[in-house]
Amino acid sequence: MKWLLVAVLTAVTISSAVTQSHILLGSPVNSLCTDLIHPAGYSCTEHTIQTKDGYILALQRVASPAQNLTLQYGPPVLLQHGLFMAGDVWFLDSPKESLGFILADHGFDVWVGNVRGTRYSYGHVTFSETDKEFWDWSWQDLAMYDLAEMVQYMYSLANSKIFLVGHSQGTIMSFAALTQPRVAEMVEAAALLCPISYLDHVTAPLVERMVFMHLDQLVFCDLSETLVKLVDSLCEGHMDCTDFLSSITGENCCFNASRIEYYLDYEPHPSSVKNLRHLFQMIRKGSFAQYDYGFLKNILTYGTSKPPEFELGLIPASLPMWMGYGGSDLLADVTDVERTLAELPSRPELLYLENYGHIDFVLSTSAKEDVYKHMIQFFRARKKSSIW
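Now for a description of the structure that goes with this document.

### Looking at the nonpolar core
So, step 1. Counting residues in each nonpolar core, the largest one holds 111 residues, and the members touching the most others are Leu78, Trp90, Phe288, Val371 and Phe379.
So, step 2. Among the elements that make up this core, the one with the highest residue count is helix α5 (residues 139-158) (eight residues).
So, step 3. Not counting residues within four places of it along the chain, the set of residues in contact with Val371 comprises Leu193, Trp322, Leu351, Leu353, Tyr356 and Phe361.

Spelled out as C-alpha cells, the structure:
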C-alpha cells in the first residue's frame, strides 16, 4: 500500500496546468443528458445556476418515458452526490437498478446536482480551472453556496418544497445547509444515504494512513484530472480495484464488481485539496465544524480562534428525515451515525443493513429492494394529501 500512497502523492503535486478549463458560456466538456440519460430512453434537460461566489453549475432534470407522454411531474426531488463523484453516479447501473431512473419511473420530478469542480460543471465567471483561486473551497462552500442555490432554484421553479437526497459528502452538505433556516424551509423532507456529520471513527485503512501521513498538508495542487488518470491507469491491469475500493470505503457486498471498468469511465471526478484537508480535520478533531485556517486566520475569518461548529440542533425538529446506513461502511461508521442521531432534535426513520458498504447505497444491484423502495415509501407518506 505504501507505493500507492507515494504514487498518489506524486500525482497530485504535479502541476495542475494539464487540466482542461470549461468554457463559461458553452457546454461542459461532458453532458450528463447525452452521456447517460438520453441513451436510456429518458428525457433530460440541462439547467445552469450561478452561485453567489461565482461558480456556474449544471443541474439536469430527468423524466421517464411515461412522464413524457403525460407532461406531468410529481414532487421535485434533488439528488446530491458524494466526494469524487458527480450526478452520473445515480445512473451508472441499469434503469431498473439506478435511483435516478427509479425515482423518475415512480413519477418524481428528478433533478440532479453537480458541484463545482466536477466535469459537468461550467466553471467560474472569473477564474479558470488552472487558477488556484478556482479550487479555494471545501464542503462547507458546497453546502452554503452550491446546495443552497440548487434548492432555491428548484423551489422557485416548482413553487413548492422539495425532497432532498444525499449520499456521503452529499449528506455532510445537507446537514450543514439544513442548519440554515432559509434552506430548511424549502425542503419537504430529506433522505440521507451513509449519513456523515462526524468522522472521528473512520476505520478505512487507506484513509487512516493518509490522515496519519498528513497527506493533506503535503499536497499543494488540486485533486485534478491528473489524479483521475492515475487511478484509471492503476486499475487497468496494475491492481485489483475492488480491493482498492474496499480499502477506502469498506467491503461492499452487492455492487457488480465486473462493471468497475465501466464505472471508471465516469468516476472519479476532481475535487479540491482544501476539501480533502477539511475532511481530514474532521477525522483528527472529531468535530463537525467549518474549515480550520489556524489561530490567526480563524480570528480574521470567524472572529474566534476556533472555527464555528455546525449545530445539528438547529435543524428543525419538524423536518422529516430518513437515513440508510450499513454495518460494513468504514466511512459512515455506525458510532458516528449514532452520535449524529443523538444530536438531531428529530427522530429520523432508519434503515440499517448489516452487510452494506459505502458504495452499495448508490451502486448495489439489489438496492432497489433493499433501500430505494423504503425511501420512496417515506417520501410518499409525506405527500398523502396530494393527488400524486
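### Comments concerning the state of the cysteines
Disulfide: a covalent bond connecting the sulfur atoms of a pair of cysteines.
So, step 1. Tallied over the entire structure, the rule returns two disulfides.
So, step 2. Each disulfide pairs two cysteine sulfurs, and for Cys33 the partner residue is Cys44, the sulfurs being separated by 2.0 Å. Since a negative S-S torsion denotes a left-handed disulfide, the Cys33-Cys44 link at about -65° is left-handed. Linking Cys33 in helix α2 (residues 32-37) with Cys44 in strand β1 (residues 43-50), this pair joins segments that are 11 residues apart in sequence.
So, step 3. Note on Cys44: relative accessible area 9%, which makes it buried.
So, step 4. Covalently, Cys253 is tied to Cys254 through a disulfide, its sulfur atoms 2.2 Å apart.

### Topic: the pairing of strand β7 (residues 187-193)
So, step 1. Of all the seven residues making up β7, six are buried; the element is thus mostly covered by neighbouring parts of the structure.
So, step 2. The pairing of strand β6 (residues 162-167) with β7 spans six bridges and is parallel. In the sheet register, Val165 faces β7, and the bridge partner there is Ala191.
So, step 3. With four bridges joining them, β7 and strand β8 (residues 321-326) adopt parallel strand pairing. Bridge pairing in β8 places Leu193 opposite Gly324.

### Topic: helix α6 (residues 169-178)
So, step 1. Counting buried residues in α6 gives 10 out of 10 residues, a clear majority hidden from the surface.
So, step 2. Those residues of α6 that sit buried are Gln169, Gly170, Thr171, Ile172, Met173, Ser174, Phe175, Ala176, Ala177 and Leu178.

### What to know about the packing of aromatic side chains
Each aromatic ring pair is specified by the distance between its two centres and by the angle formed by the two planes.
So, step 1. Following the criterion strictly, the structure yields 21 aromatic pairs and no others.
So, step 2. One aromatic cluster is present, formed by Tyr55, Phe134, Trp135 and Trp137 through successive ring pairs.
So, step 3. Between Lys274 and the ring centre of Tyr291, over which it is positioned, the NZ or CZ distance is 4.9 Å.
So, step 4. Just above the ring of Tyr198 sits the side chain of Arg339; from NZ or CZ to the centre is 3.6 Å.

### Considering the pattern of salt bridges
So, step 1. Under the criterion given, the structure shown has 11 salt bridges.
So, step 2. Notably, a salt bridge pairs Asp53 with Arg116, separated by 2.8 Å at the nearest N-O pair. One end of the pair, Asp53, is in the loop between β1 and β2 (55-63); the other, Arg116, is in the loop between β4 (109-113) and β5 (123-124), and 63 residues separate them in sequence.
So, step 3. Linking Lys373 and Glu369 is a salt bridge whose minimum nitrogen-to-oxygen distance equals 3.2 Å. You can see Lys373 and its partner Glu369 sitting in helix α17 (residues 367-382), four residues apart, about one turn around the helix.
So, step 4. A relative accessible area of 35% means that Lys373 is categorised as partly exposed.
So, step 5. Beyond isolated ion pairs, a larger network of salt bridges with shared partners links Asp53, Arg116 and Asp146.

### Brief notes about the environment of Met321
So, step 1. By the secondary structure assignment, Met321 is in strand β8.
So, step 2. A relative accessible area of 3% means that Met321 is categorised as buried.
So, step 3. Sequence separation between Met321 and Glu188 is 133 residues, and the spatial gap between their C-alpha atoms is 9.3 Å.
So, step 4. Setting aside residues up to four positions removed in sequence, Met321 forms contacts with Phe175, Ala190, Leu192, Ile315, Leu344, Ser346, Pro348, Glu349 and Phe378.

### Considerations on the packing of α5 against α6
So, step 1. For the pair α5 and α6, the least separation of the axes is 8 Å and the interaxial angle reads 65°. Between α5 and α6 lies a crossing whose hand is right-handed. Counted together, Trp139, Leu142, Ala143, Met144 and Leu147 of α5 and Gln169, Ile172, Met173, Ser174, Ala176 and Ala177 of α6 form the full contact between these two elements.

### So, unusual backbone geometry
So, step 1. A cis amide bond links Glu267 to the next residue, Pro268, at an omega of 0°.
So, step 2. Within the element layout of this structure, Pro268 appears in the loop between α12 (260-263) and α13 (273-285).
So, step 3. Located in the positive-phi region is Asn159, a residue other than glycine, with phi close to 55°.
So, step 4. Take Asn159: it is sitting in the loop between α5 and β6.
So, step 5. Here Ser168, not a glycine, exhibits a phi torsion of approximately 55°, which is positive.
So, step 6. Position of Ser168 relative to the elements: it lies in the loop between β6 and α6.

### Topic: a nonpolar patch on the surface
So, step 1. There is a patch of nonpolar side chains on the surface, built from Phe295, Leu296 and Ile299 and spanning about 330 Å² of accessible area.
So, step 2. By the element assignment, Phe295 lies in helix α14 (residues 295-302).

About the thresholds
Residues numbered from 1 in each chain as written. Predicted model: local features only at pLDDT ≥ 70, side-chain atom pairs only at ≥ 80, totals over all residues. Heavy atoms only, no water. Core = buried A, V, L, I, M, F, W, Y, C linked by side-chain atoms within 4.5 Å. Buried < 20%, exposed > 50% of the residue type's maximum accessible area, 1.4 Å probe, protein only. Helix = DSSP H or I, 4+ residues; strand = E, 2+ residues; numbered from the N terminus. Contact = heavy atoms within 4.5 Å. Disulfide = S-S within 2.5 Å. Pairing = 2+ DSSP bridges. Phe/Tyr/Trp six-rings, centres within 6.5 Å; stacked < 30°, edge-to-face > 60°. Lys NZ or Arg CZ within 6 Å of the ring centre and 35° of its normal. Salt bridge = Lys/Arg side-chain N within 4 Å of Asp/Glu carboxyl O. Axes fitted to C-alpha atoms, helices over the stretch in contact; angles between N-to-C directions. Left-handed = near helix turned anticlockwise from the far one by under 90°. Patch = residues over 30% accessible without salt bridge, like charges linked within 9 Å, V, L, I, M, F, W, Y side chains within 5 Å. Areas by Shrake-Rupley, 256 points an atom, 1.4 Å probe, with all protein chains shown as cover.

It is worth stressing that arrangement in space is one thing and function is another; only the former is reported here.
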